[in-house]
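Structure assessment
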Amino acid sequence: AFKLRGYMHDTGRSFIPFDQLKHQLLMLSRFKVNTFHWHLTENQAWRFEVQSYPQLTSAQSMTRHAGEYYTQEQCRELEAFARRLGIIVIPEIDMPGHSQAFQRAMGHSMQSRQGLSEMKTVLAEVAGAFPLAPYIHIGADEVGITMPDFVPAMIDWLHTLGRKAVVWNPTKADPRQADMVQLWSTAGRLVSGRPNIDCRYNYLNHFDAFAD
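Residues numbered from 1 in each chain as written. Predicted model: local features only at pLDDT ≥ 70, side-chain atom pairs only at ≥ 80, totals over all residues. Heavy atoms only, no water.

**Observations regarding unusual backbone geometry**
Note the following rule: Numbering goes from the N terminus for both helices and strands, where a helix is a DSSP run of H or I of at least four residues and a strand is a run of E of at least two.
Cis peptide bonds are those with omega within 30 degrees of zero, and the linkage from Met-95 to Pro-96 qualifies with -15°. With respect to the helices and strands, Pro-96 occurs in the loop between strand E3 (88-95) and helix H3 (100-106). Of note, the amide linkage connecting Asn-169 to Pro-170 takes the cis form, showing an omega dihedral of 15°. Looking at where Pro-170 falls in the secondary structure, it is placed in the loop between strand E5 (164-169) and strand E6 (180-183). Even without a glycine there, the phi angle at His-65 is positive, about 50°. You can see His-65 is positioned in the loop between strand E2 (35-39) and helix H2 (72-84). In this structure, His-98 takes a positive phi of about 50° despite not being glycine. Locating His-98 in the fold gives a position in the loop between E3 and H3.

In structure tokens:
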């Protein structure tokens, strides 16, 4: 009935040991879950190893589970493991919002010419660490867009890398520029002409006092 049956972990706000992630994928596959959305960056921490900018995963730039992150080798291993279980991985590098960890590490906003250039390098490394991923999620939610060409430039860059872009909806950017949109809570609205992922009210801990 549903082409995409997904499960998301926000390991930017939290951290889940690598072996536990693999165990959970094995369990999820038994329930015909076919997509793992791996939310790797947040205000609290950046969990994806960027070899060009090691400061992103330094303990000093994180405010929660400091110093914990996933290596690119682990990303490739998990993706290959997921593929054997019939699961695709959609990695998410949130931009230009939810990026305070980036700003602490780099000393400037993503929404700058320098930040734009650096994020292209980041996405190139993400594509290399997830060689099987058809989609890369770039967030684009819950932030004012002060650099109007930022999100379109990131989407164009992903296309250059041979990948499709996913964004959250609602977004201050134009969601029709992305290849797929993901509806957040009841605020998400269908975007015609694009695949839409409906994940409204499906946080397991949505009304948990510790959720945020």
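Now, onward.
**What about the pairing of E3?**
Filter applied, for reference: Note on exposure labels: buried denotes an accessible area under 20% of the residue type's maximum, exposed denotes more than 50%, and partly exposed covers the range between, all computed with a 1.4 Å probe on protein chains only. Two strands are said to pair when DSSP picks up at least two bridges between them. Here is how to tell: hold the view so the strands point away, follow the path from the first strand over the helix to the second, and if it runs clockwise the crossover is right-handed.
Taking burial as the measure, the eight residues of E3 include seven buried ones, the bulk of the element. Pairing of E2 with E3, which is carried by five bridges, proceeds in the parallel orientation. Directly across from Phe-36, in E3, lies its bridge partner Val-89. At this point the chain moves from E2, through H2, to the parallel E3, and the crossover so formed is right-handed. In the sheet, E3 pairs with strand E4 (residues 135-139) via two bridges, with the strands oriented parallel. Its bridge partner lying in E4, Met-95 is registered against Gly-139.

**As for the packing of aromatic side chains**
When we look at a pair of aromatic rings, we describe it by the centre distance and by the angle of the planes. Here is the rule we go by: Pairing of aromatic rings covers Phe, Tyr and the six-membered ring of Trp, with a centre-to-centre limit of 6.5 Å; geometry is then stacked below 30 degrees between planes, edge-to-face above 60, and tilted otherwise.
Counting across every chain of the model gives seven aromatic pairs. When the centroid spacing of 6.2 Å and the interplanar angle of 40° are considered together, the rings of Trp-46 and Phe-102 count as tilted. In this pair, Trp-46 is assigned in the loop between E2 and H2 and Phe-102 in helix H3, connecting sequence segments 56 residues apart. In this structure, Trp-46 and Phe-102 share a single accessibility class: buried. Clustering of aromatic rings is evident, with ring pairs tying together Phe-15, Phe-36, Trp-38, Phe-48, Tyr-70 and Phe-130.

**With respect to the side chain of Gln-111**
To be explicit about the condition: Two N or O atoms count as a polar contact when they lie within 3.5 Å, although within protein this holds only if one can serve as hydrogen donor and the other as acceptor, and sequence-adjacent residues are included solely when both atoms are side-chain atoms. Contacts were defined at the residue level, with two residues in contact if any of their heavy atoms lie within 4.5 Å.
On the secondary structure map, Gln-111 appears in the loop between H3 and helix H4 (113-129). Reaching out from Gln-111, the side chain makes a polar contact with the backbone nitrogen of Thr-146 at a distance of 2.8 Å. With residues up to four places along the chain from it excluded, the contact list for Gln-111 reads Pro-96, Val-143, Gly-144, Ile-145, Thr-146, Met-147 and Phe-150.

**With respect to the pattern of salt bridges**
Rules: Any carboxyl oxygen of Asp or Glu that lies within 4 Å of a side-chain nitrogen of Lys or Arg is treated as forming a salt bridge with it.
Summed over all chains, the structure comprises five salt bridges. Asp-10 serves as the salt-bridge partner of Arg-13, at 2.5 Å between the closest nitrogen and oxygen. A salt bridge links Glu-42 to Arg-13; the shortest N-O distance between them is 3.4 Å. Pair noted here: Glu-42 is in the loop between E2 and H2 and Arg-13 is in the loop between strand E1 (6-10) and helix H1 (18-29), with a separation of 29 residues, a long-range link. On the basis of relative accessibility, which here comes to 2%, the residue Glu-42 falls in the buried class. Members of the salt-bridge network, linked through shared partners, are Asp-10, Arg-13 and Glu-42.

Any link to function would need more than the numbers given here.
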